Amino acid sequence: MSMHLGRTTFGDIANQGNVLSRAAVMQWITDWVINPRLQLHMFQVGELMRCWASEKLNLSEADAWKWEMAGILHDADWDQWPDSHCRKIVEALEEKQIDPEIIRAIASHGHVHFGVEPETAMDKMLYAFDELSGFVHAYSLMRPGGYADMDVKGVKKRLKDKAFAAGVSREDIRDACERAQIELDELIQFIIPRQAAFTANQS
Ligand SMILES: [Fe+2]
């Protein structure tokens, strides 16, 4: 069954700036996502999106929250409705009249699956963080020290080991870096300390 969304425009421009409160997003995750590992992945990606928006792009707190919201909600329908993955969350956000930028980013986070090309900076970074964040976390779980002393070299070595976290598409990671015009090393270096700090605070 194709997961293609069959369209490339999302939401309504009139809804620009419409976001949910953090409490509403948390409630949504509680309602839709049962798997705690998936929940953690979504929050990790949200945190990386927030950090990128505020640290690299100097966006306001309000704009950084849009990035974070896209990061948190990108897999919201994956747990319970894998066959409608992406379509369900996109339609729910449209129904809630959420900012189209957020909806578009979510719709384009897997262009091979959903048929929507990442175009904006938000689109591209969500795509880039998605696979790599999950990969770095998987790597932390197999290290005795977790995130402690993790470095770029170690992550890249694991990336070359095709048997490790085989579900993570190396091709998507390469493609995402190219589209975002970021060196893989730089992206890994950005992820490690932020995801380490965030994950330590979660437990
Ligand atoms: Fe994801």
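Heads up: the structure comes first, above all this text.
Described below are features of the structure shown in this document. Given the structure is predicted, the values throughout are model-derived calculations rather than measurements.

With that settled, consider the overall build of the protein chain. Each helix and strand counted, the protein chain has 10 helices and 0 strands in total. Mapped in sequence order, the helices and strands of the protein chain form the string α-α-α-α-α-α-α-α-α-α. The C-alpha atoms of the protein chain give 16 Å as radius of gyration, which agrees with the globular expectation for 203 residues (17 Å, within 12%). In terms of overall dimensions, the protein chain has C-alpha extents of about 45 × 35 × 35 Å along its principal axes. Every one of the 203 residues in the protein chain was classed for burial, and the buried ones make up 38%. Residue pairs at least 24 apart in sequence account for 68% of intrachain contacts in the protein chain once pairs closer than 6 positions are excluded.

With that settled, consider the packing of helix 7 (residues 121–142) against helix 10 (residues 184–202). One can describe the packing of helix 7 onto helix 10 by two numbers: an axis separation of 10 Å at closest approach and a directional angle of 60 degrees. Taken together, the axes of helix 7 and helix 10 lie oblique to each other. Remark: the crossing between helix 7 and helix 10 carries right-handed chirality. Across the interface between the two elements, Ala128, Leu132, Ser133, Val136 and His137 of helix 7 pack against Leu187, Ile188, Ile191, Ile192 and Gln195 of helix 10. For the contact of helix 7 with helix 10, the residue count by class is 7 nonpolar, 3 polar and no charged.

Nonpolar side chains tend toward joint burial in soluble globular proteins. The biggest cluster of nonpolar side chains holds 50 residues, and the ones touching the most others in it are Met49, Ala70, Ile106, Ala128 and Leu132. Residue assignment for this core shows that the elements contributing at least two residues are helix 2 (36–56), helix 3 (61–73), helix 4 (87–95), helix 5 (100–107), helix 7, helix 8 (152–160), helix 9 (170–180) and helix 10. Dropping the residues within four chain positions of it, Ala128 is found in contact with Ala176, Cys177, Ala180, Ile182 and Leu187.

Moving on: the environment of Val116. Mapped onto the secondary structure, Val116 falls in the loop between helix 6 (111–114) and helix 7. In this structure Val116 touches Leu5, Thr8, Ala107, Ser108 and His111, once residues within four positions along its chain are discounted.

Rules behind the numbers
Residues numbered from 1 in each chain as written. Predicted model: local features only at pLDDT ≥ 70, side-chain atom pairs only at ≥ 80, totals over all residues. Helix = DSSP H or I, 4+ residues; strand = E, 2+ residues; numbered from the N terminus. Rg over C-alpha atoms; globule rule 2.2 N^0.38 Å. Buried ≥ 20, exposed ≤ 12 C-beta atoms within 10 Å, placed from the backbone. Contact = placed C-beta atoms within 7 Å. Axes fitted to C-alpha atoms, helices over the stretch in contact; angles between N-to-C directions. Parallel < 35°, antiparallel > 145°, perpendicular 65-115°, else oblique. Left-handed = near helix turned anticlockwise from the far one by under 90°. Nonpolar A, V, L, I, M, F, W, Y, C, P; charged D, E, K, R; others polar. Core = buried A, V, L, I, M, F, W, Y, C linked by C-beta atoms within 7 Å.

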